[in-house]
Protein chains: 2
Amino acid sequence: MAKELDFLTKRSEDYSKWYNELVVKADLAEQADVRGCMVIKPYGYAIWEKMQRILDDKFKATGVQNAYFPLLIPKSFLSREAEHVEGFAKECAVVTHYRLKTNETGDGVVVDPSARLEEELIIRPTSETIIWNTFKNWIHSYRDLPLLVNQWCNVMRWEMRTRLFLRTSEFLWQEGHTAHASREEAEERAKLMLRVYADFAEQVMAVPVVQGVKSETERFAGALDTYTIEAMMQDGKALQSGTSHFLGQNFGKAFEVQFLNKENQPEYAWATSWGVSTRLMGALIMTHSDDNGLVLPPALAPTQVVIVPIYKNQEQLDKVDAAVAPIVERLKELGVSVKYDNADNKRPGFKFADYELKGVPVRLVLGARDLENGTVEVMRRDTLQKETLPLEGIADRAKVLLDEIQQNIFQKAKAFRDAHIYECEDYEEFKTRVKDGGFFLCHWDGTAETEARIKEETQATIRCVPFGVEQTPGTDMVSGKPAVARVLIARSY
Amino acid sequence: MAKELDFLTKRSEDYSKWYNELVVKADLAEQADVRGCMVIKPYGYAIWEKMQRILDDKFKATGVQNAYFPLLIPKSFLSREAEHVEGFAKECAVVTHYRLKTNETGDGVVVDPSARLEEELIIRPTSETIIWNTFKNWIHSYRDLPLLVNQWCNVMRWEMRTRLFLRTSEFLWQEGHTAHASREEAEERAKLMLRVYADFAEQVMAVPVVQGVKSETERFAGALDTYTIEAMMQDGKALQSGTSHFLGQNFGKAFEVQFLNKENQPEYAWATSWGVSTRLMGALIMTHSDDNGLVLPPALAPTQVVIVPIYKNQEQLDKVDAAVAPIVERLKELGVSVKYDNADNKRPGFKFADYELKGVPVRLVLGARDLENGTVEVMRRDTLQKETLPLEGIADRAKVLLDEIQQNIFQKAKAFRDAHIYECEDYEEFKTRVKDGGFFLCHWDGTAETEARIKEETQATIRCVPFGVEQTPGTDMVSGKPAVARVLIARSY
């Protein structure tokens, strides 16, 4: 059945509704019939797979190896690290039984009360506890360190309000867990992985990010420091896109992971953990897309170039087919993923709208008149500009255009982001302006009290103390107390 | 800490113990502190990743796309397909609550009784129900078909007796689910995926398999036909290594998945599902490995060639380093994964034994005398044969040797398997001989009664009605009744 092309709600009308509609209409994901969970559809998953592959290569280039740890965590593990349990243990899926049985009427199943677990198991919300419980057996000497492990898996947090990709009860992610012989090495690893995330976001996703360190309040439960990359969406809100944690010796101590150092003295191992998730899909969609649909960076587009023929009869189509064949071949040689859509059951106008909705970066249209003139119509998705170009050499030109688009959407997003970063010294002004979105660089006195007041009064939070910003002391805009540095404050997803 | 190299139990002494020890000592996997679950260690996971990548490419070459469906399945979904619930619903992990809270003494967490789910959720043992519940929304017309979807994920079945890779409560797998407009097309797809599995097993894993169809008793719960690949382990037992199911319209009807055919008439969609799991790791290990450790097919070995230097002083090591550099470079050019292990903290003898244990297919040893003579010692893991060869052109020779090893271990496994397939006409003889392992081709009268009696009296089961075997009618060896064909009977994992 030819799918009806519905119009999207415009971003300017209702940004949130635009996002929700786009995710579904572009066939990325949909709500599952399981509370708070999503189905990632083939088109959405193809983008996620590209992200995975590229990130995985980057991790491995730093010496990380993949492994797999159990989905279920004994309840008692959670209580081992005191801060961790406060932050994570509460809202999670709890397995209490291991068997169902046929009900009395014989037409359904019920939980078998005799199959109750002695100790309940929870579905991992994150795996520090089970992994450090395992590391205990793997780490004995400084020679076993560093231990650099990552897993790609599903995790579950019982979220009350969910949105596709941005916040779902179950989501897919990678979680890296490393153990080190020294504090310095662990801190350096946590920062290194943040840079890997930032490079990936900017170079592959074309999403500019602010790197920084979280305030104590916003830290991961159990971390000494949480590093973050924060991206700005088109509504000016911040989206935390990846975090890397320096965990100190907290988990080493909680799970008794000791090693003999070079002096043969026992020491607790130092830890990091770091993760990005399917939430990146949300960042990708919301940074670039427009009222016509997705705009995908060529580096992540499942189809980078689509070719659509225009024809009135089979004879014309045959000619176009013949002209397109070498273009497709050349594009494949160049490593470009290309689709030639000569399906007969959809009109060209439908195809155009559908590929725009799906965010295919480059569209080539070839008709009988083009063949006569030796030309082809080229449309680039990022600007929607059309251009008529010589057919000769069009594959190589398309390849160059893909690189241009990759650069352009990054520059566009960066220009937008930079135009919406403000220094602000006055709390009243801040309260008014923050409603319209944007990142605010404000002096902060470093107290949790001020932080809580800002959050309560404006729903904005301290996203991070940004790196790479020239810092001068000043006065906290809320408390009027001295402040050593500016922090980045914004409303967020 | 330099790990002590323990000796393995010999296969001839205790095959089962040999396997259990090998999995742990070769750093493939270990028992987790969660009942029945395993930790897949980096070395084991690297092999699994190679399997995944190659299988995934093969699936995609047949038009399959990846997607992701929820981990949790509402209990009521299971009762929708009557046979399916009988086969699967019983032994599974049941989520009943979604919150923990701090206990009264404040030093632990307990299940919050107020956070009980209205309907319990089970952790997927397989995903037919949740996927067909989703397909309902994706399939409306014959134009939406075929729908060819696969997911790589974790599943959970509450097994009572577990063994690493072979049978664990949680395991990793892929499950393909397809929907079709006709019975013929669905049956062809189920058979096609069996061939994909068989080709993968034989060409990549170097594991010869018997393809066939299961008896009704051994079918997947809810299938009309289950196709299987059966491999023979070195103890003569069968290991079911992959299955592909023709599900008829059972799930289409259970989840009301109807499409309008070309005549605009509603029809129920036809289904297949097919999967292989981390169980393949067990098949891989048990088919090829020996008393010295793993034997890996080059196509799946994380390290294909290891180079170990022999030296007495830094000067000699410098010379070996210089000679090895171009060999490493050339091997990488040839697409061979190579490791040069010039670590100073382990003796060569330790390295040799460790790489044998890990199954690295080719080992090159280079010492001062070799450099003088322009030679290198080459050891192939499959035969443990050593040979001294010219240093000149050794990289290219090693590449050829990898291909030879890949072929050789397949031929060796096939010769072993073929030598242990017996035709048998006499049940008393069968009862005696089956204890020593092997595949028995026996006439079967087709009744579940005979099948049950064989299983009860010999612990052997009908593995399949094999394809590609010339069949002649005969007499059932148990019942004496007429039988149209021979079936493959064996004890199994």
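Residues numbered from 1 in each chain as written. Chains lettered and ligands numbered in written order. Predicted model: local features only at pLDDT ≥ 70, side-chain atom pairs only at ≥ 80, totals over all residues. Heavy atoms only, no water.

Student: How would you summarise the pattern of salt bridges if you had to cite specific residues and measurements?
Tutor: Residues and elements named next belong to chain A. A complete count under the given rule lists 69 salt bridges over all chains for this structure. Note that Arg330 and Glu333 form a salt bridge whose closest N and O atoms lie 2.7 Å from each other. Of this pair, Arg330 and Glu333 both sit in helix 9 (residues 314-333), 3 residues apart, which is roughly one turn of that helix. Of the residues examined, Arg330 reaches a relative accessible area of 29% and is grouped as partly exposed. A network of salt bridges, in which partner residues are shared, links Asp27, Glu30, Lys41, Asp354 and Lys358. (Salt bridge = Lys/Arg side-chain N within 4 Å of Asp/Glu carboxyl O. Helix = DSSP H or I, 4+ residues; strand = E, 2+ residues; numbered from the N terminus. Buried < 20%, exposed > 50% of the residue type's maximum accessible area, 1.4 Å probe, protein only.)

Student: Quick rundown of the packing of aromatic side chains? Include the residues and the values.
Tutor: Scanning the model with the defined rule gives 33 aromatic pairs over all chains in all. A centroid spacing of 5.3 Å and a plane angle of 65 degrees characterise the contact between B:Phe59 and B:Trp274, whose relative ring orientation is edge-to-face. You can see B:Phe59 sitting in helix 2 (residues 42-61) and its partner B:Trp274 sitting in strand 16 (residues 270-277), a full 215 residues away along the chain. Per residue, the accessibility class of B:Phe59 equals that of B:Trp274, and both read buried. Relative to B:Trp138, the ring of B:Phe135 has its centre 5.9 Å away and its plane inclined at 40 degrees; by these criteria the two rings are tilted. With B:Phe135 and B:Trp138 both in helix 5 (residues 128-138) and 3 residues apart, this pair spans about one turn of that helix. Of the two residues, B:Phe135 and B:Trp138, both sit in the buried class. One aromatic cluster in this structure is built from A:Trp48, A:Phe59, A:Trp152, A:Tyr197 and A:Trp274. (Phe/Tyr/Trp six-rings, centres within 6.5 Å; stacked < 30°, edge-to-face > 60°.)

Student: Residue-level account of the interface of chain A and chain B, with values.
Tutor: Taken together, the contact pairs 74 residues of chain A with 74 residues of chain B. Summed over both sides, the interface between chain A and chain B buries roughly 5800 Å², with carbon and sulfur atoms accounting for 61% of that surface. If you look at where chain A meets chain B, you find 4 salt bridges. The salt bridge partner of B:Arg99 is A:Glu91, with a shortest N-O separation of 3.4 Å. Between chain A and chain B we count 30 residue pairs in polar contact (both at pLDDT 80 or more) in total. It is helix 2 (residues 42-61) of chain A that provides the largest number of residues to the side of chain A that touches chain B, a total of 6 residues. For the side of chain A that touches chain B, the per-class residue count stands at 41 nonpolar, 14 polar and 19 charged. One ladder, built from 3 bridges, connects strand 5 (residues 94-97) of chain A with strand 5 (residues 94-97) of chain B; its direction is antiparallel. From the neighbouring strand, A:His97 faces strand 5 of chain B, where its bridge partner is B:Val94. (Contact = heavy atoms within 4.5 Å. Buried area = accessible area lost by both parts, 1.4 Å probe. Polar contact = N/O pair within 3.5 Å; in protein donor to acceptor, adjacent residues only side chain to side chain. Nonpolar A, V, L, I, M, F, W, Y, C, P; charged D, E, K, R; others polar. Pairing = 2+ DSSP bridges.)

Student: Which residues make up the sheet that holds strand 12 (residues 225-232) of chain A, and what are the values?
Tutor: Residue and element names in this part refer to chain A. One open sheet accounts for 11 strands, arranged 3-9-10-16-13-12-11-24-27-23-22; its pairing is mixed. Looking at which strands have only one partner, the edges of the open sheet turn out to be strand 3 (65-66) and strand 22 (421-423). Where strand 3 and strand 9 (residues 147-156) come together, 2 bridges link them in parallel fashion. Residue pairing for strand 9: Asn66 is matched across the bridge by Asn150. Sheet strands touched by helix 2: strand 3, strand 9, strand 10 (170-180) and strand 16 (270-277). Its angle to strand 9, the strand with the most contacts, is close to 160 degrees. Against the sheet, helix 5 (residues 128-138) engages strand 9, strand 10, strand 13 (238-248) and strand 16, with an angle of about 35 degrees to strand 10. (Axes fitted to C-alpha atoms, helices over the stretch in contact; angles between N-to-C directions.)

Student: Could you give an account of the packing of helix 1 (residues 15-25) of chain A against helix 8 (residues 279-288) of chain A, naming the residues involved and the relevant values?
Tutor: Residue and element names in this part refer to chain A. The N-to-C vectors of helix 1 and helix 8 enclose an angle of 115 degrees; their axes lie 11 Å apart at closest approach. Where helix 1 crosses over helix 8, the two elements pack in a sense that is right-handed. On the side of helix 1, the interface is formed by Tyr15, Trp18, Tyr19, Leu22 and Val23, while helix 8 contributes Gly282, Ile285 and Met286. (Left-handed = near helix turned anticlockwise from the far one by under 90°.)

Student: So, the nonpolar core: which residues are in play, and what are the values?
Tutor: Among the nonpolar cores identified, the biggest contains 236 residues, and A:Ile123, A:Phe135, B:Ile123 and B:Phe135 are the most heavily contacted of them. The residues contacting A:Ile123, other than those within four sequence positions of it, are A:Leu71, A:Leu72, A:Ala93, A:Val95, A:Met156, B:Leu71, B:Leu72, B:Val95 and B:Ile123. (Core = buried A, V, L, I, M, F, W, Y, C linked by side-chain atoms within 4.5 Å.)

Student: Describe the pairing of strand 10 (residues 170-180) of chain B, naming the residues involved and giving the relevant values.
Tutor: Residue and element names in this part refer to chain B. When you tally the buried positions in strand 10, you get 11 out of 11 residues, the bulk of the element. For strand 9 (residues 147-156) and strand 10, the ladder comprises 10 bridges, and the chain directions are antiparallel. By the bridge assignment, Asn154 is partnered in strand 10 with Leu172. Alignment of strand 10 against strand 16, held across 8 bridges, turns out to be antiparallel. Following the sheet pairing, Trp173 is matched in strand 16 by Ser277.

Student: Please provide a residue-by-residue account of the relation of the copies chain A and chain B, values included.
Tutor: The two copies are related by a screw operation: chain A maps onto chain B through 180 degrees of rotation and 0.0 Å of translation along the axis, at an RMSD of 0.0 Å. Expressed as a symmetry operation, the mapping of one chain copy onto the other fits a two-fold axis. For chain A, the residue whose C-alpha comes nearest the rotation axis is A:Val95, separated from it by 2.1 Å. Of the residues that chain A buries at the interface, 100% are likewise interface residues in chain B, meaning the two copies contact each other through the same surface. (Least-squares fit on C-alpha atoms with pLDDT ≥ 70 in both.)

Student: Provide a residue-level description of the sheet that holds strand 20 (residues 375-380) of chain B, including the pertinent values.
Tutor: Residue and element names in this part refer to chain B. Here we have 5 strands laid out as an open sheet, ordered 18-17-19-20-21, and mixed in their pairing. The sheet is open, and its two borders are formed by strand 18 (338-340) and strand 21 (386-390), each paired with just one other strand. On average, each strand axis in the sheet is tilted by 25 degrees relative to the strand beside it, whichever way the strands run. Examined bridge by bridge, strand 20 and strand 21 share 5 bridges and lie antiparallel to one another. In the strand pairing of strand 21, Met379 is matched with Lys386. Helix 9 (residues 314-333) rests against strand 17 (305-309), strand 18 and strand 19 (362-366) of the sheet, and its axis sits at about 170 degrees to strand 18.

Student: Residues and numbers for empty space enclosed by the protein, please.
Tutor: In the structure shown here, the tally under the stated rule is 1 cavity of 30 Å³ or more. Looking at the largest cavity, its volume works out to about 40 Å³. In terms of lining, the largest cavity is formed by A:Cys37, A:Met38, A:Ile40, A:Glu170, A:Phe171, A:Leu172 and B:Tyr68. Of all the elements in the fold, those that place two or more residues in the lining of the largest cavity are strand 2 (38-40) and strand 10 of chain A. With 3 residues, strand 10 of chain A is the largest single contributor of residues to the lining of the largest cavity. Tallied by class, the residues present in the lining of the largest cavity amount to 6 nonpolar, no polar and 1 charged. (1 Å grid on protein atoms, 1.4 Å probe; cavity = no way out; pocket = protein on both sides within 12 Å on 5 of 7 lines; lining within 4 Å. Points joined across faces, edges and corners; volume = space filled by probe spheres on them.)

Student: Break down unusual backbone geometry for me, citing the residues and quoting the values.
Tutor: Residues and elements named next belong to chain A. In this structure, the amide linkage connecting Leu145 to the following residue, Pro146, adopts the cis form with an omega of -5 degrees. For Pro146, the position within the fold is in the loop between helix 5 and strand 9. The residue Ala206 is not glycine, and still its phi comes out positive at about 60 degrees. Locating Ala206 in the fold gives a position in the loop between helix 6 (183-204) and strand 11 (209-213).

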